[in-house]
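Each chain, letter by letter, is given below.
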Amino acid sequence: MTTSNEISGHAHLSGLVVQARDVHGGLHYHTAPQPLPTPHQLPRLTPHFVNRTAEVNTLDEVRRGGNSLVVITGLVGVGKSALAVRWLSSATEADRPELYAELSGLGGPARPEDVLQQWLRASGIDRPPADLRELSALWRSVTAARPVSVLLDNVREADQVPPLLPTGPASMTVVTSRRLLWELAVDGAASLPLGPLAPDSSIALLARFTGEERIAAEPAAAALLANGCAHLPLPLTLAGARLKSRPERGLAAAAAVLVRPRSEDPARMAVSAGLTETYDSLGATAQFVYRSLALLPVGAVDPDMVSAACRLQRNDAERLLDVLADEQLLTRGTSYVGPRPRYRMATAVHEHALALAERIDGADERQRLVGRLCEWMLAIATQAQRLLTPAQATLRNQLPARADAPPVFHDSRGAMTWLEEHEADLPAVLEAAAAGGADEVVWMLVDAFWALFLRRHPYALWIQAHEVAAAAARRTGNGAAVRQMLLSGAIGLSSAGRLEEALTRYGEARQAAQADGDVRDEGQALLGIGACHHDGGRPAQAEPYLNQAVAVWTACGYRRGVALATVLLGEISLTRGEPAEALDRFAAAHSVLAGISDSYDAARALALQGHTRVLLGDLDAGVTELQDALAVFAAASSTRWQARTLELLGDAYRKRGSEQAALDCFRQAAELLEAIRPEEAERLRRQENGR
């Protein structure tokens, strides 16, 4: 029996077909298409995610504003990827494709063409081209009408990003990097710098592992542990996981390991490894600057300082600081007093850089670098002193051999601003200079900061710095410097209300001046002793010392000293109820001080002169003089004398019937005194409230 099974013609077949014999004609066989899964490549959400509410809100605002590209930057371990994954996962529709690429592989930066080939295959294109331009064009076509969410993680170079950007306006791309990648602003990128967690959030993250009970049992140790992890999520997570696996271990023991230098704790090592990777990518000079910054005894650096300490051209120092900031090794100050950009190192970065410096740079070179910083600060502070308080610079005509530097300000306001910028740095710089044997630099630097002490009244620093400086001056055997530090330090003690201690210092200075036959310093000590008795409410005891000071200074021709003593004698005349005598004394002192261009002390005399005129009934002239004096103190940023003059002016306005003007003066005076003399501020508020 013969059988035949034949298919002919242009047949289109699908599904299962069994053919026993010959097939003739243009036959086409198609399998049913298998739909590709929508790619969801984002890493899994970390279960240990705390806070970041403000950052999530910022990302939401960026998206609502129509921006489709954002760059999250920060240190290794700060949680950039975790934030990006959490936000992208919650901010996009469930059926939207999510594509991910790690761009900092062990073999170097990932190539955009490799990433695009993977993504296109995941999007259903079996054989994507090899050329980057063709790949980018195809990627743009694929995403033109299909919104996607993209996470580009750990980007090293800005030029890795543009070829990978999707086209459609509804797409969203998040980039994470340790560098700022400012170049991506050209592509419309918004920037979100990510800092460490807040202390309470750090402890909340630890509690996810340890439980609230262990935290509550050792709150101080928990805070120390969080600080040892630099408040970074990665080391906090590692430390927490380790504690969870060892329920018998106390938090204090874990914290002690973390804060120990050279600790091999996994949390510390995680941060160190990331920083080392970034450091290794720097050029040799940038590496040197990075190590050097950890040695400088200051809280923040600026290009002028780095130029001097590292012996670089100023432009090179500025460029290298920008390089380190771009790599997230430094943080640019968002607010600083002066016109120069200032940069800070996070604690974890500082420890890493310091360890490198101690391993790579010799001890002598490290000391020389710190010495150059101290001498630079002395040079600039001396420039400020010559502008602000030239009468104070009586002990030297030249700086130490290497202490010279181009000016960083050109007027009195700039000089005062610079001193304020470096107020917090002074103790550590003095300690570093003393440790390096630069005792001359120590006392000269304190002397050069006189305008800051005189006008801003940081009492604790004033007293501490002069104690350090007096000890340094004694080590040099410089008697004049010792006396200067004793006298200036005693003024700080008396200004802070520590009158008995001030009297002791003045007594030491007087004895030293008599032993050395220095009549000017003897007069200064007598003036100080008289001022202490006057401030202590003992005018009868004060007057003989002031008269002795006048006699000593008159004999040696020191007109400024005579005028300063005369101001105090005028105040004693007011205390005795003799305003006419006081007016004569204030007027005489003002004339001398103005004649020798001591505008600050002349303004003190003028303020008291104006007050005395008010007491004598000459209200208009008194108010005018008080206003003129106030303008000088405001320009000089003098806290205490601004406040005192405002109070005197308020009294004058009240006598003249200008009650609102008087209240405004009392309020301004109270605000000025709040930080340095809170009890006086409270008294003025009572004045303001009519009590």
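Everything discussed here concerns the structure shown above.
Below is a summary of the structure that appears in this document.

Rules of the game
Residues numbered from 1 in each chain as written. Predicted model: local features only at pLDDT ≥ 70, side-chain atom pairs only at ≥ 80, totals over all residues. Heavy atoms only, no water. Helix = DSSP H or I, 4+ residues; strand = E, 2+ residues; numbered from the N terminus. Areas by Shrake-Rupley, 256 points an atom, 1.4 Å probe, with all protein chains shown as cover. Salt bridge = Lys/Arg side-chain N within 4 Å of Asp/Glu carboxyl O. Buried < 20%, exposed > 50% of the residue type's maximum accessible area, 1.4 Å probe, protein only. Axes fitted to C-alpha atoms, helices over the stretch in contact; angles between N-to-C directions. Parallel < 35°, antiparallel > 145°, perpendicular 65-115°, else oblique. Left-handed = near helix turned anticlockwise from the far one by under 90°. Contact = heavy atoms within 4.5 Å. Pairing = 2+ DSSP bridges. Expected span 1.5 Å × (residues − 1). Nonpolar A, V, L, I, M, F, W, Y, C, P; charged D, E, K, R; others polar. Core = buried A, V, L, I, M, F, W, Y, C linked by side-chain atoms within 4.5 Å. Phe/Tyr/Trp six-rings, centres within 6.5 Å; stacked < 30°, edge-to-face > 60°. Lys NZ or Arg CZ within 6 Å of the ring centre and 35° of its normal. Polar contact = N/O pair within 3.5 Å; in protein donor to acceptor, adjacent residues only side chain to side chain.

1. Things to note about the overall build of the chain
Turning to step 1, where the next piece is worked out: When its secondary structure is counted, the chain shows 31 helices and 11 strands.
Turning to step 2, where the next piece is worked out: For the chain, the exposed surface amounts to about 31500 Å²; the carbon and sulfur share of it is 52%.

2. A word on the pattern of salt bridges
Turning to step 1, where the next piece is worked out: One pass over the structure, following the stated rule, counts 37 salt bridges.
Turning to step 2, where the next piece is worked out: Its salt-bridge partner being Asp-425, residue Arg-342 comes within 3.7 Å of it at the nearest N-O pair. You can see Arg-342 sitting in the loop between strand S10 (331-332) and strand S11 (343-344) and its partner Asp-425 sitting in the loop between helix H16 (412-421) and helix H17 (426-435), a full 83 residues away along the chain.
Turning to step 3, where the next piece is worked out: The class of Arg-342 is buried, set by a relative accessible area of 9%.
Turning to step 4, where the next piece is worked out: Overlapping salt bridges, with partners in common, bring together Glu-543, Arg-576, Glu-578, Glu-581 and Arg-585 in one network.

3. A closer look at the packing of helix H25 (residues 559-575) against helix H26 (residues 579-595)
Turning to step 1, where the next piece is worked out: Where H25 meets H26, the closest approach of the two axes is 8 Å, and the angle between their N-to-C directions is 160 degrees. The angle between H25 and H26 places the two elements in the roughly antiparallel class. The handedness of the crossing between H25 and H26 is left-handed. Seen from H25, the contacting residues are Arg-559, Arg-560, Ala-563, Leu-564, Thr-566, Val-567, Leu-569, Gly-570, Glu-571, Ser-573 and Leu-574; seen from H26, they are Pro-579, Glu-581, Ala-582, Arg-585, Phe-586, Ala-589, Val-592 and Leu-593.

4. A closer look at the pairing of strand S8 (residues 172-177)
Turning to step 1, where the next piece is worked out: Of all six residues making up S8, six are buried, and the element is well covered by its neighbours.
Turning to step 2, where the next piece is worked out: Residues Met-172, Val-174 and Thr-176 of S8 are buried on one face, and the alternating residues Thr-173, Val-175 and Ser-177, pointing to the opposite face, are buried as well.
Turning to step 3, where the next piece is worked out: Note: strand S3 (residues 69-73) against S8, five bridges, orientation parallel. Its bridge partner being in S8, Leu-69 is matched across the sheet by Thr-173.

5. Focus: helix H15 (residues 363-388)
Turning to step 1, where the next piece is worked out: If you check H15, its first and last C-alpha atoms are 37 Å apart, about what 26 residues at 1.5 Å a residue would give, namely 38 Å.
Turning to step 2, where the next piece is worked out: Where burial is concerned, most of H15 is hidden: 19 out of the 26 residues are buried.

6. Section: the packing of H25 against helix H27 (residues 599-615)
Turning to step 1, where the next piece is worked out: The N-to-C vectors of H25 and H27 enclose an angle of 25 degrees; their axes lie 11 Å apart at closest approach. Of the possible angle classes, the one that applies to H25 and H27 is roughly parallel. Taken as a pair, H25 and H27 cross one another with a handedness that is left-handed. Taking contact as the criterion, the partners of Arg-560, Leu-564, Val-567, Glu-571 and Leu-574 in H25 are, on H27, Asp-601, Arg-604, Ala-605, Leu-608, His-611, Thr-612 and Leu-615.
Turning to step 2, where the next piece is worked out: The residue inventory of the contact of H25 with H27, partitioned by class, reads six nonpolar, two polar and four charged.

7. Overview of the sheet that holds strand S9 (residues 190-193)
Turning to step 1, where the next piece is worked out: Spatially, S4-S7-S8-S3-S9 is the arrangement adopted by the five strands of the open sheet, whose pairing is parallel. Lying at the two open borders of the sheet, with one neighbouring strand each, are strand S4 (98-102) and S9. Adjacent strand axes in the sheet meet at a mean angle of 15 degrees when their direction is disregarded.
Turning to step 2, where the next piece is worked out: Two strands pair when backbone bridges link them, and strand S7 (residues 149-153) and S8 are joined in this way by four bridges, in the parallel orientation. Within the sheet, the bridge partner assigned to Leu-152 lies in S8 and is Val-175.

8. What to know about the side chain of Ser-638
Turning to step 1, where the next piece is worked out: Note that Ser-638 resides in the loop between helix H28 (619-635) and helix H29 (639-655).
Turning to step 2, where the next piece is worked out: For Ser-638, a relative accessible area of 0% translates into the label buried.
Turning to step 3, where the next piece is worked out: With sequence-adjacent residues up to four places away left out, Ser-638 is seen in contact with Arg-455, Tyr-600 and Phe-633.

9. Points about the nonpolar core
Turning to step 1, where the next piece is worked out: Counting 167 residues, the largest nonpolar core has Leu-293, Trp-418 and Phe-449 as its most contacted members.
Turning to step 2, where the next piece is worked out: Here this core takes 12 residues from H15, the largest share from any one element.
Turning to step 3, where the next piece is worked out: With near-sequence residues (within four places) excluded, Leu-293 lies in contact with Val-301, Val-306, Leu-321, Leu-324, Leu-330 and Met-345.
Turning to step 4, where the next piece is worked out: In this structure, Val-115, Leu-116, Leu-120 and Ala-189 belong to the second largest nonpolar core, which totals 23 residues.

10. With respect to the packing of aromatic side chains
Turning to step 1, where the next piece is worked out: Summed over all chains, the structure comprises 10 aromatic pairs.
Turning to step 2, where the next piece is worked out: Aromatic pair Trp-119 and Trp-139: ring centres 5.1 Å apart, planes at 40 degrees, arrangement tilted. Here Trp-119 is found in helix H3 (residues 112-122), whereas its partner Trp-139 is found in helix H4 (residues 132-144), with 20 residues between them in sequence.
Turning to step 3, where the next piece is worked out: Both rings, one in Tyr-279 and one in Tyr-290, keep their centres 5.7 Å apart while their planes meet at 40 degrees; by these two values the pair is tilted. Separated by 11 residues along the polypeptide, Tyr-279 in helix H10 (residues 266-280) and Tyr-290 in helix H11 (residues 284-295) bring together distant segments of the chain.
Turning to step 4, where the next piece is worked out: In this structure an aromatic cluster arises from ring pairing among Trp-450, Phe-453, Tyr-459 and Trp-462.
Turning to step 5, where the next piece is worked out: In this structure, Arg-520 packs its charged tip against the face of Tyr-558, placed 3.7 Å from the ring centre.

11. Points about the environment of Glu-440
Turning to step 1, where the next piece is worked out: For Glu-440, the location among the structural elements is in helix H18 (residues 439-448).
Turning to step 2, where the next piece is worked out: For Glu-440, a relative accessible area of 31% corresponds to the partly exposed category.
Turning to step 3, where the next piece is worked out: C-alpha of Glu-440 to C-alpha of Arg-474: the two residues are 34 residues apart in sequence and 10.0 Å apart in space.
Turning to step 4, where the next piece is worked out: In contact with Glu-440, other than residues within four places in its own chain, are Thr-476 and Asn-478.
Turning to step 5, where the next piece is worked out: Here Trp-443 takes part through its side chain, which lies 3.0 Å from a polar atom of the side chain of Glu-440.

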